[in-house]
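Geometric and topological summary
Residues per chain are reported as follows:
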Number of protein chains: 2
Amino acid sequence: MKIVIVGGVAAGMSAATRLRRGSEDAQIVVLEAGDHVSYANCGLPYHAGGVIEDREALLLQTPESLAARFRLDVRVGHRVVDVDPDARTVTVETADGTVVESYDELVLSPGARPVVPPVPGVERALVLRDVADVDRLVREIDRATADDAGDAPADGPTAVVIGAGFVGLEVAENLVRRGLRVTLVELADQVLAPLDPEMAVRVHDELVAHGVDVRTSTQVAEVLPASVRLADPESRDLGTVPADVVVAAIGVRPDTTLAERAGAALGPRGGVLVDDDLRTSVAHVWAVGDVATKRDALAPGTIPAADDAAGLASSATLIPLANLANRHGRHVADVILGRRTGHRPAIGTAVVGVFGLTAATTGRSEKRLRAEGRAHRVIHTHPAQHAGYYPGATPMALKLLVDPATDAILGAQAVGRDGVDKRIDVIATAVAGGLTASDLMDLELAYAPAYGSAKDPVNMLGYVADNLRAGETRSVQWHELDAAVAAGAVVVDVRTPDEHARGTVEVGGVPSLALPLDELRARHHEIAGRRVVVHCQVGQRGHTAARLLTGLGHDVVNLDGGNLTWRDGVRAQAVRSVTTVA
Amino acid sequence: MKIVIVGGVAAGMSAATRLRRGSEDAQIVVLEAGDHVSYANCGLPYHAGGVIEDREALLLQTPESLAARFRLDVRVGHRVVDVDPDARTVTVETADGTVVESYDELVLSPGARPVVPPVPGVERALVLRDVADVDRLVREIDRATADDAGDAPADGPTAVVIGAGFVGLEVAENLVRRGLRVTLVELADQVLAPLDPEMAVRVHDELVAHGVDVRTSTQVAEVLPASVRLADPESRDLGTVPADVVVAAIGVRPDTTLAERAGAALGPRGGVLVDDDLRTSVAHVWAVGDVATKRDALAPGTIPAADDAAGLASSATLIPLANLANRHGRHVADVILGRRTGHRPAIGTAVVGVFGLTAATTGRSEKRLRAEGRAHRVIHTHPAQHAGYYPGATPMALKLLVDPATDAILGAQAVGRDGVDKRIDVIATAVAGGLTASDLMDLELAYAPAYGSAKDPVNMLGYVADNLRAGETRSVQWHELDAAVAAGAVVVDVRTPDEHARGTVEVGGVPSLALPLDELRARHHEIAGRRVVVHCQVGQRGHTAARLLTGLGHDVVNLDGGNLTWRDGVRAQAVRSVTTVA
């Protein structure tokens, strides 16, 4: 059996090595258009920033090492330009001319291409997809730094990063690390689109605190020789910002050229449509990794059966993440070798570090659920990563999205300095195991004061979810507060007078009424007859207050996430709007 | 309704506050024998060590604060000495005499008592259960330090810690932090009994590296005024070690005095037997927290039905952990209020930090499975906590126990410097969600180079489990190697010659045969006709070698965990034996 794999990174190379481990006899040919295979593409921004100093560290394998260990026939500089699925051949352009290579099975793993905005001068913008790209970026940084050596910081080297997604943030951080003044331009009205705005604003503020000029609701109109012209979403001119270096990181698009030449059907979102075993619509042609669709584990409605083609297409999604790419590679090898069939649908879990702040997400965001028109329950908490009495406790913002009909976990997000990735991983695992939101309260998580709390942040999410599920607590979201007050509710701050004085929830400029939790029983007559929204700092005392007032006969809801989430929400609204260049 | 709760920490106080949030009308009385309620008992060792400087930080609530917020009637210095379940009264000793208190429902949450070894002089040994204990310990440390001020380090203050479990290790670390020379005495042949020896030995060596004199297979024969006399397990005298301070931390025993006076049945392991809703065998008497049994989620055979009294008793176990205690407290409140029924069985997850090393465990250990006579599959890996090319990558030791018949996860252990608690939490969550060992390979865990790997350590465990499940790989454990060689196998080191030269697996003093992976295809005839055990450093190249050699027709098994696990195993055997005092 001769298997030809197009693309020698992540999914493609996982498939190749897994095939070899499964079959010493198979002929395995890997055709890679670039000069490198099996490199650490997620490390590229950190090499640009000097964190990973040694470029060689990025090159995990070479064609030689793969030949020695896995007897793989790896050919770099081999660009596959055509497929003949009837003849089972591919046409390959090499430095020595064009050759035709036959196959029994063809695995397409070309990945995704960075999208660049279609504006004048954009050819100067760099992207960050492969080793050649990072070499180019390092050269540009070095050049910009050398040119501006000795200048005052205000006149030092500059960069514009287009796109504030995961890669854009990593690039921005690393350019700052190299001493560049960075403008981060994002067309959406928030950074880090996979998160909801009241979560992402913490990342926004962290970027600003580290000197990044963050421009949301802003697009690039033109790339000029030493600057970039910005515009608002309606293309009104916003002036220019200096840019010795320009990096485009607005996203990626599946590289479907070859698959289309093979006649493979594409999915609704532009990826190569594959079934649960990574077969394309063309016999003996498989697609894996970022180019291929994933089954969406969280698609609305029931998950379609494996033989329901229309259902599968409708639940196909794109999730260009390394862990799913590797999973694809292993799975396709097992299927080709006849070892396995069937595949777990994908949730999508991701993390990014930005100047010591960590932001992570799994599953659906609130805005996506809203765009899908799906009912959802929202929980915000602000727990410390470990016991509050142990030194170094710092709060994180944590958010859980729940299906109110089934109590299923639909998604989670977290932003904080420590312990963020752990909680998201636990919740992602809970989703994979089919645990409900309320089930989170019973998880047995490792506890000692330096590692967590006897009631871990994830347990606490479960407690809140269970209280909401059982109807024991009702909550109102930060963005629903104005409407509640307009409808006649009184907002009550149950924190201490000191906390209240340091700043509190305001609606239309009117601060909430201070009525401390420990005085509620004595003073609750002061709010008699009014619908009550209680709030505290994070939602926990608010819950106790809501239970207490309910027990005393009041109609009461708790402001979810308390003062902190409300403040984040208001701040998120404040940073949405476009900033005119001074 | 009048609810009397005996014991105002963890489970008891969780029950009290949950009851109040559920019912503004209930009369809730908390009777606590000690002077404090709701204190951070897991923080006590760290207060002794000066990590948590402020003693007040340990006191999370006071009777006054609980009265103000939760309208709880909390009475400290109230020792309940008797129960009359027919009259539904308890007898309480107070400073002002004995009183009788009636109840509708009685919740017993007295916790567990530290066990002290029954040896002469043991009354000088301190324990660490409550705030009064830590005050005493701090005074003793201060006294010892002051007495020995100015002495040479060798003559400085000294301590003996009896018991090398979780608390013993925390105490030892904190005494070292305070400048004491510590001897850690453990009757078992390893530290940290919940872990298997080849995992725990890393903790042992970390203790030794920080100056702790670790004595396994050693007991305390007598506590003398300034020293402790040691003996081997057969009570042969081992001489004395200096001990200005002596702390006993050999374990805890459920404080069942009251429950027994009430006539409540005890479980097979000495805890108060409770059903899934925390009812004891006596009407209107409930037991929660460390005093009560837990349903064992991993008991051999099928989990008994909730109405199968004999089955429940046989699967009852004791797990004195704070997270389960809090869970009990919340659950009993919900049951008493008629809100809920049924309870998730317990797995048992725990973590301890020792001088910057973290050791964590969930579920069953290998030795416990062996003691139960249960079939089990063992997997050792040594992954880094994040991408190897990203700075700061350090390996951990990771172990997974699997039911070979069902692929169910039975337990996991991890020891390392970073990312250990995360992986154990993920695996504990997988167990709760009923995921199999092979399912771990598909978990979508947050990946960026600073946080994990595209194939996370947990995914890798899943890969290995899947390979073993499918019969694609066979492995041999470190302790099975001698027998394999005795039966004629040849041990082959597939690492590089350099790695081999730096130290390799030896059986009976004979080092393994160096045959590097990348030369195997050319040289495999050198081992023709022999059964082969391959090994590498951690098991991964060994797997590739095993697949390759199998493909070439050899009978081959892979040494699980490679050279590192073998070395840990041999080292664990070396430290088992008793050390005679010099």
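Residues numbered from 1 in each chain as written. Chains lettered and ligands numbered in written order. Predicted model: local features only at pLDDT ≥ 70, side-chain atom pairs only at ≥ 80, totals over all residues. Heavy atoms only, no water.

Under the annotation held in an unreviewed UniProt entry, chain A carries the name NADPH-dependent 2,4-dienoyl-CoA reductase/sulfur reductase-like enzyme and is attributed to Sediminihabitans luteus. Reading the Cofactor (unreviewed entry) entry of the UniProt record for chain A gives the comment "FAD". (UniProt positions renumbered as here; feature names shortened; annotations may be inferred.)

Details of the overall build of chain A
Across its full length, chain A carries 17 helices and 31 strands. In terms of C-alpha radius of gyration, chain A reaches 26 Å, essentially the compact-globule figure of 25 Å for 582 residues. Oriented by its inertia axes, the alpha-carbon framework of chain A measures out at about 90 × 60 × 45 Å. Within chain A, the proportion of its 582 residues that are buried is 59%. (Helix = DSSP H or I, 4+ residues; strand = E, 2+ residues; numbered from the N terminus. Rg over C-alpha atoms; globule rule 2.2 N^0.38 Å. Buried < 20%, exposed > 50% of the residue type's maximum accessible area, 1.4 Å probe, protein only.)

Quick notes on helix α12 (residues 457–469) of chain A
Residues and elements named next belong to chain A. Given a rise of 1.5 Å per residue, 13 residues ought to cover 18 Å, and the 18 Å separating the end C-alpha atoms of α12 matches this to within 8%. For α12, the tally of buried residues reaches eleven of 13 residues, placing the bulk of the element in the interior. Taken as a whole, α12 has its buried residues at Pro 457, Val 458, Asn 459, Met 460, Leu 461, Gly 462, Tyr 463, Ala 465, Asp 466, Asn 467 and Leu 468. Where α12 begins, the capping side chain belongs to Asp 456, and its oxygen is found 2.9 Å from the backbone nitrogen of Val 458. Just downstream of α12, Gly 471 is the residue with a positive phi angle, here 75°. (Expected span 1.5 Å × (residues − 1). Polar contact = N/O pair within 3.5 Å; in protein donor to acceptor, adjacent residues only side chain to side chain.)

Points about helix α17 (residues 562–576) of chain B
Along an α-helix, residues three or four positions apart point the same way, because every turn accommodates 3.6 residues. Residues and elements named next belong to chain B. Here α17 is 15 residues long and its end C-alpha atoms lie 22 Å apart, about the 21 Å a rise of 1.5 Å per residue gives. Every buried residue belonging to α17 is among Gly 562, Asn 563, Leu 564, Thr 565, Trp 566, Asp 568, Gly 569, Ala 572 and Val 575, and all of these are buried. Of the surrounding secondary structure, the elements contacted by the buried residues of α17 are α6 (197–209), β22 (377–381), α13 (481–486), β27 (506–507), β30 (532–535) and β31 (556–559). (Contact = heavy atoms within 4.5 Å.)

A short note on the pairing of strand β12 (residues 219–223) of chain A
Residues and elements named next belong to chain A. Strand direction decides the pairing type here: β12 and strand β13 (residues 227–231), joined by four bridges, are antiparallel. In the sheet register, Gln 219 faces β13, and the bridge partner there is Ala 231. Hairpin connection, β12 to β13: the antiparallel pair is bridged by three residues. (Pairing = 2+ DSSP bridges.)

Quick notes on the domain arrangement of chain A
Residues and elements named next belong to chain A. Entries for chain A in the domain assignment read domain 1 (2–110 + 255–337), domain 2 (115–144 + 155–252), domain 3 (356–470) and domain 4 (475–578). For domain 1 versus domain 2, the separation of C-alpha centres amounts to 29 Å. Each partner contributes residues to the interface: domain 1 has 17 residues there, and domain 2 has 16 residues. At the boundary of domain 1 with domain 2, total buried surface from both sides reaches about 1,300 Å², with 64% on carbon and sulfur atoms. (Domains from an automatic or database assignment. Buried area = accessible area lost by both parts, 1.4 Å probe.)

What about the pattern of salt bridges?
All told, the structure shown has 114 salt bridges over all chains when counted by the stated rule. The shortest N-O distance in the salt bridge between Glu 234 of chain B and Arg 236 of chain B comes to 3.2 Å. Residue Asp 456 of chain B is joined to Arg 423 of chain B by a salt bridge in which the shortest nitrogen-to-oxygen separation is 2.9 Å. Taken as a pair, Asp 456 of chain B in the loop between α11 (420–432) and α12 (457–469) and Arg 423 of chain B in helix α11 lie far apart in primary sequence, 33 residues in all. Assessed through its relative accessible area of 2%, Asp 456 of chain B is described here as buried. Linked by salt bridges that have partners in common, Arg 18, Arg 330, Asp 334, Arg 339 and Arg 340 of chain A together with Asp 466, Arg 469, Glu 472 and Arg 547 of chain B make up one network. (Salt bridge = Lys/Arg side-chain N within 4 Å of Asp/Glu carboxyl O.)

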